[in-house]
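The residues making up each chain are set out below.
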Amino acid sequence: MSDKIEVQNVTSPGRTTRVDRAKYEAARAALLAVLPDAAPGMTPAEAQKAMVPHLPEDLFPGGEKVGWWMKCVQLDLEAKGILTRAPKSPVRLWRV
């Protein structure tokens with residue numbers, strides 16, 4: 001049985017989901033490594049592409065499923081106040 005971690009979702013306050021800890025932590029480290037710490041930030045597509053070289057190949061072969069994990073980490077870190085997004089379209093993200 002793999003180790004799990006509970007994540008939050010900024011769009012569903014109070015609700016948590018359990019996900020694979022190793023993949024979450026790798027995706028979290030990669031996302032925080034590529035996001036700037038000020039506006040205007042990066043679009044999710046830019047962040048996703050930039051994350052791939054930072055991800056371990058054994059967990060994300062060829063960048064597999066990086067989009068899902070980027071979104072999972074993004075929503076969790078937004079709920080925790082670690083990331084923020086631009087108030088208007090297009091969506092742009094940066095570290096707080």
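It should be noted that the structure appears before, not after, this text.
Keep in mind that what you see is a predicted model, and the values were worked out from it rather than measured.

## A look at the nonpolar core
Part 1: Ranked by internal contacts, the top residues of the largest apolar core, which has 23 residues, are Val19, Tyr24, Leu31, Leu35, Met51 and Trp69.
Part 2: With residues up to four places along the chain from it excluded, the contact list for tryptophan 69 reads Val19, Asp20, Lys23, Tyr24, Ala27 and Phe60.

## Things to note about the side chain of glutamine 74
Part 1: Along the chain, glutamine 74 falls in helix H3 (residues 66-79).
Part 2: Taking the relative accessible area as the measure of exposure, glutamine 74 reaches 0% and is therefore buried.
Part 3: Discounting residues that sit within four places of it in the chain, glutamine 74 has contacts with Leu31, Leu83, Arg85 and Leu93.

## Description of the pattern of salt bridges
Part 1: Following the criterion strictly, the structure yields 5 salt bridges and no others.
Part 2: Note that arginine 21 and aspartate 3 form a salt bridge whose closest N and O atoms lie 2.7 Å from each other. With arginine 21 in helix H1 (residues 21-34) and aspartate 3 in the segment before strand E1 (4-8), this pair connects stretches of sequence that are 18 residues apart.
Part 3: Exposure remark for arginine 21: the relative accessible area of 27% places this residue in the partly exposed category.
Part 4: On the accessibility criterion, aspartate 3 (47% relative accessible area) is partly exposed.
Part 5: Glutamate 46 is paired through a salt bridge with arginine 92; the nearest N and O atoms lie 3.9 Å apart.

## Side note on the packing of H1 against helix H2 (residues 44-51)
Part 1: Interaxial distance between H1 and H2 falls to 9 Å at its minimum, and their mutual angle equals 115°. Between H1 and H2, the crossing angle belongs to the class labelled roughly perpendicular. In terms of crossing hand, the pair formed by H1 and H2 is right-handed. Along the contact surface, H1 presents Ala27, Ala30, Leu31 and Val34, while H2 presents Ala47, Ala50 and Met51.
Part 2: Of the residues in the contact of H1 with H2, the class split is 7 nonpolar, no polar and no charged.

## Describing the packing of aromatic side chains
Part 1: A complete count under the given rule lists 1 aromatic pair for this structure.
Part 2: Where tryptophan 68 meets tryptophan 69, the ring centres are 4.8 Å apart and the plane angle is 75°; that geometry is what we call edge-to-face.
Part 3: Since its relative accessible area comes to 8%, tryptophan 69 is described here as buried.

Basis of the calculations
- Residues numbered from 1 in each chain as written.
- Predicted model: local features only at pLDDT ≥ 70, side-chain atom pairs only at ≥ 80, totals over all residues.
- Heavy atoms only, no water.
- Core = buried A, V, L, I, M, F, W, Y, C linked by side-chain atoms within 4.5 Å.
- Buried < 20%, exposed > 50% of the residue type's maximum accessible area, 1.4 Å probe, protein only.
- Contact = heavy atoms within 4.5 Å.
- Helix = DSSP H or I, 4+ residues; strand = E, 2+ residues; numbered from the N terminus.
- Salt bridge = Lys/Arg side-chain N within 4 Å of Asp/Glu carboxyl O.
- Axes fitted to C-alpha atoms, helices over the stretch in contact; angles between N-to-C directions.
- Parallel < 35°, antiparallel > 145°, perpendicular 65-115°, else oblique.
- Left-handed = near helix turned anticlockwise from the far one by under 90°.
- Nonpolar A, V, L, I, M, F, W, Y, C, P; charged D, E, K, R; others polar.
- Phe/Tyr/Trp six-rings, centres within 6.5 Å; stacked < 30°, edge-to-face > 60°.

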